[in-house]
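# Tertiary structure, described
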Amino acid sequence: MSIISLSDGSSSGFTAGDLRDLAAHLNVELPDGKDAEDYLRLLWSFEAVMKQVEDGPDYFHQGLKPQAVSTARWYWKPSPEDNPLNAWSHRCDLSAARPTSDILKGRTVAIKDNICVAGLPTTLGAPASLVSEDGVFPVSQIDAVVVARLLAAGAVIKGTSTCECFCASPLSFTSATGPVHNPRLYGYTAGGSSSGSCALVAAHSLLSSEQKEEGHLPLGETVELAIGSDQAGSVRIPASYNGLYGLKPTFGLNPYTGAASMSPMIDHLGPIASTLEDIAALLQVMAGYDGLDPRMTPESPLAGQVKPYPQLLLDFRQQILAGPREVGKGWRIGLLTESFMIPGVDPEVRDTVRGAAKRFFETAGATVVDISIPMHREGPVIWTAATRPSMSNWLCQGRPSGHLSYLPPHLQSRWPLSQETYDVLNSTNPALINIILSERFAQRFLPAGLEAKAHRKVFELRAAYDQALEEVDVLVTPCAPTVAMPHPKSSTRASSIMERLAPAIGLTSNTCPFNVTGHPALNVPCGVSSPPERPDVLLPIGMQVIGKRWKDEDVIKAAALFESGRELESNNAAE
C-alpha cells in the first residue's frame, strides 16, 4: 500500500480522542506519543483524499445515459382510484424513438421500483425520508441496462411497480404506500418483493381471459409483462401466488447494473409473464454481458451472442406437436425429496405439486423420479450465513466491496443510523433493522472468517445440486409453500416485531438456496386450491423447476413439456 500525500489536519474535525475511540472498537489501546500522532496524521490524509472525491463531480457512465424516447420523460403518481391494487408506484409512457429490434414491439412493461428508469423517482418501497435528506424521492438520471434493452426492443414502459420496503419481504404488506393486493382476492398477499410487478401482470391475464368475477375490486390499468429482482425468491414467490411464470435466471446471465443491490452474490433480475413465450422473449432481450456488472462471469454471453430463447422454445413446441408423447421420452424429471418436507409447506401444496409433476410430465412421455439432496435442508442456513453478515453494507449503506461496481448515483443512503431513521424503519419493515443489527452482531461477536466459511459452503451446495443434475434434466420443488394468505392483521405498525415478521418465516426455504448457487429456477403454475376461510375462491399453486447453470432454455422447455402433458390429459378427458 502506498500513501499518496500527507495532510496537516487543518480542515479535519477528527481528534486524538476520536482516534482512541476508534482503536477501542478494535479492542486496541494506542498510547500517547509518536505512534498515536503518526496514525492521526495518516487518517487525516485518508480523510482528505475521500473528501476530495466527495466534493468532486460524479461520473455518469455513457452506457447508462437515458435512451432517446418518442415523447418527453415525465411521470405521474396514480390516484387510488386508478391504482386499486396499489401495484403502481409511478406511471409513465416511454417508448424508444429509434428501437433496434421489434421482439417486444408495442408490449407493455412494468419495472420494479428498485430498478432505475431515467426521469422517474426510485423509491425502493420506502418512505422518502429514508432515501433522501429533503424528503423527496430521488429521480434517476440513468436507465438500468435492462431498461435500455427493453426500450431498444420496442417495449412500452408504462411505469414502475410497487415493491416491498428495501425489497426485504416475500409478502406484500411492507411498502411505504401500503399493501399490494392479489388481483384474484382483495386483501390477500400478492407475494414479494416484486409484488406490484406480479400483481399487474396477473391482473392483465385475468382481464384478458375474462376470469374476473363480478364484485371484485376493479383492477385498473395493467401490463402484459414485468421485470422484477430476486434475491431469495422475490420473482418466483409472487409469481407463485399470482399464477404466473417468473424466472430467476442463471447468476450472471442478466446484467444487474442500474438496480439497487441487496447483496451481489444473490442479486438477479428476471422476467415475469403469463406465457413461456414472453418469458423467453424477455430473457433474450435482457441477457448478455454489459461491461459494468461484476456479477457477470467469463461464462456470461456477449450481448450479441445470447441464445435465441424464443426460437429454442418454438422449435421445442414444434417437436411436441410432431410427437406429443415422444418428445418427452428423453427427459428425466427429479422430484427433490427434501423440498417436499421443508417446514411450512402446506400438505395440499405438497401433494398438488408432486401429483401434477408426476402426472403431466409422465403423460408427456418423461420419466419422473424421486431424487434426494440432503444438503437442500441446509440451503436456507447457507444463504443466510453467506449474505446476512454483510448485507447491510450494500442494502442499507450503499458501500460496495473491493470489486469494481457501478451503483446508481442518485441513491444515497441515510447513514449512519439515527434514532429517527430507526423509528421509521422499525415502523415500516423491521426486517431492515434485523439486517443492520445482524451485521453489527457478526462484526463484534462472531469469529473472523465465519462468513468466508459460509461462502465455501455455497460451493459445496452448488456441487450437490450439480451432481443431482447429472442424473436428471431438471429438479422440481414446491415454490411458495402455501397459496396466497390474507394480509396479516398484525401488519399494522402498532403490532410487535415478531407479529409482523412471523408470516414470512420459512417462506423462501425452497427458493433462496438457488440464489446463492446461481442455478436458473422458474415458477410454473401447476394447480389451484382454496384458502380455508374462502372456499369459494381458487388461488394458484406454483411449482419450481430448476436446471443446470447456463441451461435456462432447459428450464423453459421443461415447463413447456409440463404444459403439453396437462393439455394431453385435458384432451383425453374431453374425449
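Residues numbered from 1 in each chain as written. Predicted model: local features only at pLDDT ≥ 70, side-chain atom pairs only at ≥ 80, totals over all residues. Heavy atoms only, no water.

Here we come to the overall build of the protein chain. Summing up its helical and strand segments, the protein chain has 15 helices and 13 strands in all. With respect to the three principal axes, the spread of C-alpha positions in the protein chain is 95 × 55 × 50 Å. For the protein chain, the residues scored as buried account for 55% of the 575 residues in total. Put simply, 78% of the contacts in the protein chain that link residues at least 6 apart link residues at least 24 apart. Taking the average place of the 47 positive charges on the side chains of the protein chain and the average place of its 61 negative ones, the gap between the two points comes to 3 Å. (Helix = DSSP H or I, 4+ residues; strand = E, 2+ residues; numbered from the N terminus. Buried < 20%, exposed > 50% of the residue type's maximum accessible area, 1.4 Å probe, protein only. Contact = heavy atoms within 4.5 Å. Lys, Arg positive; Asp, Glu negative; His and termini not counted. Charge placed at Lys NZ, Arg CZ, Asp CG, Glu CD.)

For side chains of opposite charge, pairing can occur when their charged atoms come near one another. In this structure the tally under the stated criterion is 24 salt bridges. Arg 91 is the salt-bridge partner of Glu 221, the closest N and O atoms lying 3.2 Å from each other. Here Glu 221 is found in the loop between helix H4 (195-208) and strand S6 (225-230), whereas its partner Arg 91 is found in strand S1 (residues 88-94), with 130 residues between them in sequence. Residue classification places Glu 221 among the partly exposed residues on the basis of a relative accessible area of 37%. (Salt bridge = Lys/Arg side-chain N within 4 Å of Asp/Glu carboxyl O.)

What follows deals with a nonpolar patch on the surface. On the surface, a cluster of nonpolar side chains totalling about 380 Å² of accessible area is made up of Ile 3, Leu 6, Tyr 39 and Leu 42. Mapping Leu 42 onto the fold places it in helix H2 (residues 34-55). (Patch = residues over 30% accessible without salt bridge, like charges linked within 9 Å, V, L, I, M, F, W, Y side chains within 5 Å. Areas by Shrake-Rupley, 256 points an atom, 1.4 Å probe, with all protein chains shown as cover.)

In this model, Gly 192 is joined to Ser 193 through a cis peptide bond whose omega is 5 degrees. Note on placement: Ser 193 falls in the loop between strand S5 (185-189) and H4. Residue Pro 416 follows Trp 415 across a cis peptide bond; omega there is 5 degrees. The residue Pro 416 is located in the loop between helix H9 (379-395) and helix H10 (419-428) in this model. With a phi close to 65 degrees, Asn 27 is a non-glycine residue in the positive phi region. On the basis of relative accessible area, Asn 27 is assigned to the exposed category, the value being 73%. Notably, Cys 167 is not glycine yet its phi reads approximately 60 degrees, a positive angle. Inspection of the secondary structure assignment puts Cys 167 in the loop between strand S3 (156-161) and strand S4 (181-182). Taking relative accessible area as the criterion, Cys 167 reaches 9% and is therefore assigned buried.

For the rest of this paragraph, the subject is helix H12 (residues 450-471). Counted at 1.5 Å a residue, the expected span for H12 with its 22 residues is 32 Å, and the 33 Å between its end C-alpha atoms agrees. For H12, the full list of buried residues reads Ala 454, Val 458, Leu 461, Ala 464, Tyr 465, Ala 468 and Leu 469. Buried residues along H12 cover an arc of 130 degrees about the axis, so they all sit on one side. Structural note: H12 exposes Arg 456, Phe 459, Gln 467 and Glu 470 on the side pointing more than 90 degrees away from its buried face. The inward-facing, buried residues of H12 abut strand S9 (332-336), strand S10 (367-371), H9, strand S11 (474-478), helix H14 (513-517) and strand S13 (539-546). (Expected span 1.5 Å × (residues − 1). Arc of directions from axis to C-beta.)

Here we come to the UniProt feature "domain: Amidase" (unreviewed entry) in the protein chain. UniProt marks residues 95-205 and 223-555 with the feature "domain: Amidase" (unreviewed entry), using the numbering shown here. The span residues 95-205 is 17% helix and 16% strand, and its two end C-alpha atoms sit 22 Å from each other. (UniProt positions renumbered as here; feature names shortened; annotations may be inferred.)

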